[in-house]
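Examination of the molecular architecture
Letter by letter, the chains look like this.
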Amino acid sequence: MANTTENANLCGLKREDFQTTINGKKTDLYVLRNRKGYEVAITNYGGAICAIMVPDKNGKVANVIQGHDNIQDVINSPEPFLSTLIGRYGNRICKGKFQLNDKEYQLAINNGPNALHGGPTGFHARVWDAKQMGPRSLALTYTSAYGEEGFTGECKITVEFTFTDLNELVLEYLATTNKKTVINLTHHAFFSLSGIANPTPTIENQVCEINADFYIPIDETSIPTGEILKVADTPFDFRVPKPVGQDIDADNEQIKNGAGYDHCFVLNKREEGELSFAAKLTEPQSGRTLEVFTTEPGMQVYSDNWADGYSGQNGATFPRRSAICFECQHFPDSPNRPYFPSVILRPGEQYKQKTIFRFGVAE
């Protein structure tokens, strides 16, 4: 279906537009293509996904992820975490402080009074070593130095992206450390199932299901209050599918604190670390669906509350609430909450997680 000659990609992105050298390391664009001819395009700068080309119910292919069409725009994006890998610690840490080994660590403050997503030069802003292993698989590796962004321990990270013939984008994460550290990896994909456009349509009429009986409430700076609350009788109840926009502006303190949805859901699990269903999103007009499966205990759901219509690839614009993010991860501020699942990685241990984004069409 897709023409495989150089630059004749479904996504219209050109490799040379993503090629530069940063601190001696080369950036590039890697296109994964499955046997059906559909595509995922990824750059090794921050592991940013620039395109996911999948069909709607009529077979019309569109890009369902927000991204840019050249390396300079990726680097200078108004949304620094736009569809990038996140680390060393995804989500927020209160005031950027935590204790480990009886020592206090101080991270950069880059989100109100708090540390967010590994800091301003976190994994989203690093050039990863890339190895494409055939048409459907890409491995990105990065060594995070001791003291980088204030974190202890040298961490070696591998993230493998595989695009299967079932239109599943599979992300497998591995990490090791030489000193006890904290780690919470995720991918901050901004999904727009209707297809990016000018302007990209709102996600508010998309129907969402989230497999979570509990969620983590936040204060006005988006730090967990420490409670774990039931979703029942709140705007956070997506156990029965409903439109994302149904309760997005509800008169509710938690909705106001997040300016919409920007909360971690506690995923229902039979056992720790099992790969299980987390969420499903259906775009009613195109019929496109997205199912999320993960081994992680939590999933931050972000309804793109702060976008302002900035420009993306191929003339697309990204207004407020034109995307939704399903960031599978451990809970925010876990280093300061000993009763949350542990985010500590020790020498000799291996951090592992797996997340699957499965694209389809509603029957």
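Residues numbered from 1 in each chain as written. Predicted model: local features only at pLDDT ≥ 70, side-chain atom pairs only at ≥ 80, totals over all residues. Heavy atoms only, no water.

1. Structural notes on the overall build of the protein chain
Per the secondary structure count, the protein chain includes two helices and 30 strands. Compactness check: the protein chain gives a C-alpha radius of gyration of 19 Å against a globular reference of 21 Å for 363 residues, within 12% of the reference. Counting only C-alpha atoms and orienting by the principal axes, one finds that the protein chain spans roughly 55 × 50 × 35 Å. Expressed as a percentage of the 363 residues in the protein chain, the buried residues total 58%. Taken together, the 35 basic and 44 acidic charged side chains of the protein chain have centroids lying 5 Å from each other. (Helix = DSSP H or I, 4+ residues; strand = E, 2+ residues; numbered from the N terminus. Rg over C-alpha atoms; globule rule 2.2 N^0.38 Å. Buried < 20%, exposed > 50% of the residue type's maximum accessible area, 1.4 Å probe, protein only. Lys, Arg positive; Asp, Glu negative; His and termini not counted. Charge placed at Lys NZ, Arg CZ, Asp CG, Glu CD.)

2. Considering the side chain of His124
Residue placement: His124 occurs in the loop between strand S11 (115–116) and strand S12 (129–132). A residue is classified by how much of its surface remains accessible, and His124, at 4% relative accessible area, is buried. A polar atom in the side chain of His124 sits 3.4 Å from the backbone oxygen of Pro120. Non-local contacts of His124, meaning those with residues more than four positions away in its chain, are made with Tyr45, Gly46, Pro80, Phe81, Thr84, Leu85, His117 and Gly119. (Polar contact = N/O pair within 3.5 Å; in protein donor to acceptor, adjacent residues only side chain to side chain. Contact = heavy atoms within 4.5 Å.)

3. Let's talk about the packing of aromatic side chains
According to the stated counting rule, one finds 17 aromatic pairs in the structure shown. Measuring from centroid to centroid gives 5.5 Å for Phe123 and Tyr142, while their planes differ by 70°, and the two rings are edge-to-face. Remark: Tyr142 occurs in strand S13 (residues 137–144) and Phe123 occurs in the loop between S11 and S12; sequence separation between them is 19 residues. Looking at Tyr142, the relative accessible area reads 8%, which means it is buried. Measuring from centroid to centroid gives 6.2 Å for Phe236 and Phe265, while their planes differ by 50°, and the two rings are tilted. (Phe/Tyr/Trp six-rings, centres within 6.5 Å; stacked < 30°, edge-to-face > 60°.)

4. A closer look at the pairing of strand S5 (residues 49–55)
When you tally the buried positions in S5, you get seven out of seven residues, the bulk of the element. The sheet contact formed by strand S4 (residues 39–43) and S5 spans four bridges and is antiparallel. What sits directly across from Val40, in S5, is Ile52. Between S4 and S5, which pair antiparallel in sequence order, lie five residues; one of them, Gly46, sits at a positive phi of approximately 70°. For S5 and strand S6 (residues 61–63), the ladder comprises three bridges, and the chain directions are antiparallel. Residue pairing for S6: Val54 is matched across the bridge by Ala62. From the end of S5 to the start of S6, which pair antiparallel, there are five residues, and Gly59 there has a positive phi angle of about 85°. (Pairing = 2+ DSSP bridges.)

5. With respect to the sheet that holds strand S18 (residues 207–210)
The strand order S12-S13-S14-S15-S30-S24-S23-S18-S21 describes an open sheet built from nine strands, whose pairing is antiparallel. The two strands at the open ends of the sheet, each matched to only one other strand, are S12 and strand S21 (242–243).

6. Let's talk about the sheet that holds S6
If you trace the four strands from one edge of the open sheet to the other, you get S3-S4-S5-S6, paired in antiparallel fashion. Edge positions in the open sheet fall to strand S3 (29–33) and S6, since each of these has one partner strand only. When the angles between neighbouring strand axes are averaged without regard to direction, this sheet yields 15°. (Axes fitted to C-alpha atoms, helices over the stretch in contact; angles between N-to-C directions.)

7. Focus on the pattern of salt bridges
In this structure the tally under the stated criterion is 18 salt bridges. A salt bridge links Asp213 to Arg239; its shortest N-O distance comes to 3.6 Å. Note that Asp213 is positioned in strand S19 (residues 212–216) and Arg239 in the loop between strand S20 (229–230) and S21, a separation of 26 residues in sequence. Among the residues examined, Asp213 registers a relative accessible area of 28% and is labelled partly exposed. (Salt bridge = Lys/Arg side-chain N within 4 Å of Asp/Glu carboxyl O.)

8. Some thoughts on the pairing of S4
Taking burial as the measure, the five residues of S4 include five buried ones, the bulk of the element. Two successive antiparallel strands, S3 and S4, enclose a turn made up of five residues, where Gly37 displays a positive phi of approximately 90°.

9. Quick look at the state of the cysteines
Note on terminology: a disulfide is the covalent bond linking the sulfur atoms of two cysteines. Evaluated as defined, the whole model comprises zero disulfides. Residue Cys11 stays outside any disulfide, its sulfur separated by 8.4 Å from that of Cys50, the closest cysteine. Distance from the sulfur of Cys264, which forms no disulfide, to the nearest cysteine sulfur (Cys328) is 9.5 Å. Here Cys264 falls in the buried class, since its relative accessible area comes to 1%. (Disulfide = S-S within 2.5 Å.)

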